[in-house]
Amino acid sequence: MNTAWELVGRETAPQPQPWRPNRLLVAASIAIAFATVTGAIVWTTQFRVTSQAYETGFGEQRRIALADGSLILLDTSTSVQVSMSRRRRSVELLHGRAHFEVAKDETRPFAVETGDRRVIAVDNVFDVDRETGLISILLTRGKVLVEDNAERRMLLPGDRLAFEHGQVNIDRPDLEVVTSWQSGRAVFKRRALKDVLAEFNRYSRQKLELTDPQMGDIPISGNYQTGNNEEFAAALSGMLPLDVESVGDRIILRRRKAVTAGEAGN
């Protein structure tokens, strides 16, 4: 038989209630989640970087159209890494020579980095050349800012800034000569023959070799198509006392022997 206390205890014992979510807390949680997702999407859109590598083989030139409207012309044996986002445009020149025509975008400066030098542009046309021990920047239109460690230099059209073996030099070269490579040609104005041969050898696996070093300082002038060393060697043979001989992947240029009176009569 149950006591009065037991009966009272059974009647007043608390019963478990079903859980009901707080509507304000749920709404707040959804709002926070939405804001987080939206923020992530915006961050991804703003900072997402697309990167693409481009290069040319030996003797090859290549023109690249970028998504922002800029153009890059790569010279022979050149390699670049292009990175683009909504906030920045940058190109790293790993080696070789490149011509840049930058589409105007004042909210996104166009930066070209090579070694520890950085060229910053907005609406410009310029060349950057990186060889062993040499980096040069040639400006043909607009203005560019060149950063070299803690120092900054502003270039004007026609200026060429060169860093070579720790030395810095600014000059104003003949633009017809220094930009001729962009059309697949080489223009020389009293250039030493040894330097002319070196320029032609950049574009052909069949190398020009001069056997007489004393002839290397002979000045050469003219406008020539690059990429065909045999044709150029034949042209040299018509201008200078040189005999031409092809030996495998070499084109040998030898000083032509003088013809004596006795040999001429035979």
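Residues numbered from 1 in each chain as written. Predicted model: local features only at pLDDT ≥ 70, side-chain atom pairs only at ≥ 80, totals over all residues. Heavy atoms only, no water.

Caption draft 1: Quick peek at the layout of surface pockets. Considered as a void within the structure, the largest pocket measures approximately 720 Å³ in volume. Arg-97, Asp-129, Arg-160, Val-178 and Arg-191 are, among the 27 residues lining the largest pocket, the residues nearest its centre. Put simply, the parts of the chain that give the lining of the largest pocket at least two residues each are strand S8 (125–131), strand S9 (134–141), strand S12 (160–164), strand S13 (167–171), helix H3 (175–178), strand S14 (185–192) and helix H4 (193–201). Per-element accounting of the lining of the largest pocket gives the leading share, six residues, to S14. Among the residues making up the lining of the largest pocket, the classes are represented as eleven nonpolar, three polar and 13 charged. A volume near 180 Å³ is recorded for the second largest pocket. Taken together, Thr-50, Ser-51, Gln-52, Tyr-54, Ala-65, Leu-66, Ala-67, Asp-68, Val-82, Ser-83, Met-84 and Arg-108 make up the full set of residues lining the second largest pocket. For the lining of the second largest pocket, the elements supplying multiple residues, two or more each, are strand S1 (50–55) and strand S4 (79–84). With four residues, S1 is the single largest residue contributor to the lining of the second largest pocket. When grouped by side-chain class, the residues that make up the lining of the second largest pocket number six nonpolar, four polar and two charged. (1 Å grid on protein atoms, 1.4 Å probe; cavity = no way out; pocket = protein on both sides within 12 Å on 5 of 7 lines; lining within 4 Å. Points joined across faces, edges and corners; volume = space filled by probe spheres on them. Helix = DSSP H or I, 4+ residues; strand = E, 2+ residues; numbered from the N terminus. Nonpolar A, V, L, I, M, F, W, Y, C, P; charged D, E, K, R; others polar.)

Caption draft 2: Inspection of the pairing of strand S11 (residues 151–155) at higher detail. Direction of pairing for strand S10 (residues 144–148) relative to S11: antiparallel, over a ladder of five bridges. Bridging across to S11, Asp-148 finds its partner in Glu-151. (Pairing = 2+ DSSP bridges.)

Caption draft 3: Layout of the nonpolar core. Core analysis: the largest hydrophobic core is formed by 27 residues, its most contacted members being Ile-72, Phe-100 and Phe-126. Take this core: its biggest share by element is four residues, from strand S5 (residues 89–101). If sequence neighbours within four positions are ignored, Phe-100 has contacts with Leu-71, Ile-72, Val-91, Phe-110, Val-112, Asn-124, Val-125, Phe-126 and Val-128. Within the second largest apolar cluster, 17 residues are counted, among which are Phe-188, Leu-193, Phe-200 and Ile-251. (Core = buried A, V, L, I, M, F, W, Y, C linked by side-chain atoms within 4.5 Å. Buried < 20%, exposed > 50% of the residue type's maximum accessible area, 1.4 Å probe, protein only. Contact = heavy atoms within 4.5 Å.)

Caption draft 4: Region of the structure containing the packing of aromatic side chains. With the rule as written, the count across this model stands at seven aromatic pairs. With a centroid separation of 6.1 Å and 35 degrees between ring planes, the pair formed by Phe-188 and Phe-200 is classed as tilted. With Phe-188 in strand S14 and Phe-200 in helix H4, this pair connects stretches of sequence that are twelve residues apart. Exposure remark for Phe-188: the relative accessible area of 4% places this residue in the buried category. Plain terms: the ring middles of Phe-200 and Phe-232 are 3.8 Å apart, the flat faces sit at 10 degrees to each other, and that makes the pair stacked. One end of the pair, Phe-200, is in helix H4; the other, Phe-232, is in helix H5 (residues 229–239), and 32 residues separate them in sequence. (Phe/Tyr/Trp six-rings, centres within 6.5 Å; stacked < 30°, edge-to-face > 60°.)

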